[in-house]
Amino acid sequence: VILESRALIDEAAQVQAREQVTRLKEDFLSAAAHDLKTPLTTLVAQTELLERRALRDPGAPADLAGLQKIKKEAHRLSRLVLELLDAARAEQGKLVGEREEVDLVAFARDVCARHQSERHRCLVEAAGPVIGLYDPNRIGQLVENLVENAVKYSPEGGTVLVKAWREDDWNRLSVIDCGIGIPKEDLPYVFERFHRGTNVDDRRFAGMGLGLYICRGIAEQHGGRIWVESAAEPSPRSRHPGLGPAGDGTTGSSRNLGSIGSKNDGGTDNGIGGDASNAGACIERGSTFHVALPIAARVAEDATADEGQRGGERPLEA
Amino acid sequence: VSPRTQPQTKGSGGEKDLWKLEGSILIVEDDPSILSTVADILEFEGYRVERATNGAEGLVAIERSVPALVLLDMRMPVLDGWDFARILKDRGVRVPILVMTAARDAQRWADEIGAEGYISKPFHLPDLLSAVEEVLRSRWDG
């Protein structure tokens, strides 16, 4: 009887797991279709508008703004398709290409400048260049995804702070926001493929649930780590990459966002958007994503080791 | 043929479409490219257009002046389409709504908020215009 019960329990667990996978896939397909349709809407409608204008007035000058809109949305569509492909590459451990010297601060400034708006301030805090040997395209994508995420999940607006600094053998980057935060139950799954937060209302936030999964792939395939803290979930283990949890790369930690604007490693370089010390604080809300990447020498060693480890081995485990 | 039953479009050399002048069309859409493209299309066709990038901005626009029609995206930051429609109802503001969405639940969502109908993204320009025209002409005829 005990064995039969055990078998039934196992079977029920398997059915539940299969249902979960099916639900995730359905959610993903729905989100992917929605995201792809958004640029397509402008592409189709704008093209038909240009056609209609040209038919009514063949002599009219070209509508440059309309053409530029089409170009922009075509690129946007292209990026979405690439994101889908990147998710597959992340799964195969083939995200990272040729490495060169990269300054994390320069990337952070560039990304922040693009995400500045009336509603969102984006500040960079760094004492100076933070240089490592990385795939520049992928590091740009990593910073872009994290800042874009911070902005997206701060719908009421506010400040996004990007900190970059060197700590022992690691280059560190943190992206801090005062947005909707991450519930405790989601923390272990934040970097899972297709996962979307339980506090993320699909009606307000479209998304495929791939961005953070790709971020994890980029960090880990550089020999580094990525993890997240939520304002409501204290944990003392997040101060050093080696102290983070080994299993899923996530943690909860009390995060006094009063630290927005505090100096790091003896200096502050507010590259974009003014004085970070006036950025304000958000203690009860928001989330902080941390990235730790090995400095160049370590990467060079890992690069050789990586060749034999492609396919899911994680070179840096606590 | 009366313009009320056979509307002509701007630029086609036809009669003035009086029903188009009855009021403006408020577009509530958080994607800036879709917002500006839909606005361009409607303005090109002779409609007056108001723009809002979320439900909260839409409510502010309606406080200024109640439009003849609202084209409403549903998934938006700050205030989504459901809350926008609910607040309008609570305030007793009666305005026809066409839902614009890329979701497969378009029909259900339109029913949920009591909209006149829906336009699925991506849409073809004639489909958008005929949906808008149908609502506005029935309002004019009514």
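Here goes a summary of the coordinates provided. (Residues numbered from 1 in each chain as written. Chains lettered and ligands numbered in written order. Predicted model: local features only at pLDDT ≥ 70, side-chain atom pairs only at ≥ 80, totals over all residues. Heavy atoms only, no water.)

When helices and strands are tallied, chain A shows 6 helices and 7 strands. Evaluated residue by residue, chain A yields a buried proportion of 48% over its 318 residues. Contacts in chain A between residues far apart in sequence, at least 24 positions, make up 76% of those at least 6 positions apart. Per element, the accessible surface of chain A, about 15,500 Å² overall, is 53% carbon and sulfur. (Helix = DSSP H or I, 4+ residues; strand = E, 2+ residues; numbered from the N terminus. Buried < 20%, exposed > 50% of the residue type's maximum accessible area, 1.4 Å probe, protein only. Contact = heavy atoms within 4.5 Å. Areas by Shrake-Rupley, 256 points an atom, 1.4 Å probe, with all protein chains shown as cover.)

Glancing now at the overall build of chain B. In terms of regular secondary structure, chain B is built from 5 helices and 5 strands. The secondary structure elements of chain B, listed N-terminal to C-terminal, are β-α-β-α-β-α-β-α-β-α. Here chain B displays about 6,400 Å² of accessible surface, and carbon together with sulfur accounts for 46% of that area.

Our focus in this paragraph is the pairing of strand β3 (residues 131-134) of chain A. Residue and element names in this part refer to chain A. Where burial is concerned, the two faces of β3 differ: the one with Gly 132 and Tyr 134 is buried and the one with Ile 131 and Leu 133 is not. With 4 bridges connecting them, strand β1 (residues 100-103) and β3 associate as antiparallel partners. Looking at β3, one finds that Glu 101 is bridged to Leu 133. (Pairing = 2+ DSSP bridges.)

Further remarks concern the nonpolar core. In this structure, Ile 139, Leu 146 and Leu 173 of chain A are the most contacted members of the largest nonpolar core, which totals 49 residues. In terms of residue count, helix α4 (residues 136-152) of chain A provides more of this core than any other element does, 7 residues in total. Not counting residues within four places of it along the chain, the set of residues in contact with Leu 146 of chain A comprises Leu 173, Val 175, Leu 212, Cys 215, Ile 226, Phe 289 and Val 291 of chain A. Membership of the second largest hydrophobic core comes to 27 residues, among which are Ile 25, Val 38, Leu 71 and Leu 128 of chain B. (Core = buried A, V, L, I, M, F, W, Y, C linked by side-chain atoms within 4.5 Å.)

Right, let's talk about the packing of helix α3 (residues 104-115) of chain A against α4 of chain A for a bit. Residue and element names in this part refer to chain A. Two elements in contact, α3 and α4, have axes whose closest approach is 9 Å; the angle formed by their N-to-C orientations is 40°. Taken together, the axes of α3 and α4 lie oblique to each other. Regarding α3 and α4, the two cross each other, and that crossing is right-handed. Along the contact surface, α3 presents Leu 104, Phe 107, Ala 108, Val 111, Arg 114 and His 115, while α4 presents Pro 136, Ile 139, Gly 140, Val 143, Glu 144, Val 147, Glu 148 and Val 151. Split by residue class, the contact of α3 with α4 holds 9 nonpolar, 2 polar and 3 charged. (Axes fitted to C-alpha atoms, helices over the stretch in contact; angles between N-to-C directions. Parallel < 35°, antiparallel > 145°, perpendicular 65-115°, else oblique. Left-handed = near helix turned anticlockwise from the far one by under 90°. Nonpolar A, V, L, I, M, F, W, Y, C, P; charged D, E, K, R; others polar.)

Strand pairing in a sheet is mediated by backbone hydrogen bonds. Such pairs are either parallel or antiparallel. Residues and elements named next belong to chain A. With respect to topology, 5 strands assemble into an open sheet ordered β2-β4-β5-β7-β6, the strand pairing being mixed. Unpaired on one side and paired on the other, β2 (120-126) and β6 (225-230) mark the two borders of the sheet. In this sheet, adjacent strand axes meet at a mean angle of 15° when their direction is disregarded. Here 8 bridges tie strand β5 (residues 170-177) to strand β7 (residues 287-294), and the two strands are oriented antiparallel to one another. Within β7, the position partnered with Asn 171 by the bridge is Leu 293.

Another aspect to go through is a nonpolar patch on the surface. Residues and elements named next belong to chain A. Together, Val 81, Leu 82 and Leu 85 give the surface a local cluster of nonpolar side chains, amounting to about 240 Å² of exposed area. On the secondary structure map, Leu 82 appears in helix α2 (residues 64-92). Classification of Leu 82 as partly exposed rests on a relative accessible area of 42%. (Patch = residues over 30% accessible without salt bridge, like charges linked within 9 Å, V, L, I, M, F, W, Y side chains within 5 Å. Salt bridge = Lys/Arg side-chain N within 4 Å of Asp/Glu carboxyl O.)

Before going further, it helps to spend a moment on the sheet that holds strand β5 (residues 117-120) of chain B. Residues and elements named next belong to chain B. Taken in spatial order, the 5 strands make up an open sheet running β2-β1-β3-β4-β5, and their pairing is parallel. Strands with a single pairing partner mark the edges of an open sheet, and in this sheet they are β2 (49-52) and β5. Between one strand axis and the next, the sheet turns through 20° on average, direction left out of account. Sheet topology places strand β1 (residues 25-28) next to strand β3 (residues 69-73); 4 bridges connect them, and they run parallel. The residue of β3 that forms the bridge with Ile 25 is Leu 69. Where helix α1 (residues 32-44) meets the sheet, it contacts β1, β2, β3 and β4 (97-101), and its direction lies at approximately 175° from that of β2.

Turning our eyes to something else, we now look at the interface of chain B and chain A. Note: interface size is frequently given as the accessible area lost on complex formation between the parts. Each side of the interface is counted separately: chain B has 31 residues, and chain A has 25 residues. Carbon and sulfur atoms supply 53% of the area that chain B and chain A bury against each other, a total of about 2,600 Å² over both sides. For the interface between chain B and chain A, the tally reads 4 salt bridges. Across the chain B-chain A interface, the total number found is 13 residue pairs in polar contact (both at pLDDT 80 or more). (Buried area = accessible area lost by both parts, 1.4 Å probe. Polar contact = N/O pair within 3.5 Å; in protein donor to acceptor, adjacent residues only side chain to side chain.)

Here we take up the pairing of β5 of chain B. Burial of the side chains of β5 of chain B is restricted to one face: Gly 117 and Ile 119 of chain B are buried, whereas none of Tyr 118 and Ser 120 of chain B on the reverse face is. Running through helix α4 (residues 106-112) of chain B, the crossover from β4 of chain B to the neighbouring parallel element β5 of chain B is right-handed. (Right-handed = clockwise from strand over helix to strand, strands pointing away.)

For the rest of this paragraph, the subject is the packing of aromatic side chains. Under the criterion given, the structure shown has 2 aromatic pairs over all chains. With centroids separated by 5.9 Å and ring planes inclined at 90°, the aromatic side chains of Phe 191 of chain A and Phe 289 of chain A adopt a geometry described as edge-to-face. With Phe 191 of chain A in the loop between β5 and α5 (211-221) and Phe 289 of chain A in strand β7, the pair connects residues that are 98 residues apart, well separated along the chain. Owing to a relative accessible area of 1%, Phe 191 of chain A belongs among the buried residues under this scheme. On the basis of relative accessible area, Phe 289 of chain A is assigned to the buried category, the value being 3%. Judged by centre distance (4.7 Å) and plane angle (70°), the rings of Trp 82 of chain B and Trp 109 of chain B are edge-to-face. With a gap of 27 residues between them, Trp 82 of chain B in helix α3 (residues 81-90) and Trp 109 of chain B in helix α4 connect regions that are remote in the sequence. (Phe/Tyr/Trp six-rings, centres within 6.5 Å; stacked < 30°, edge-to-face > 60°.)

By themselves, these figures tell us nothing about what the structure is for.
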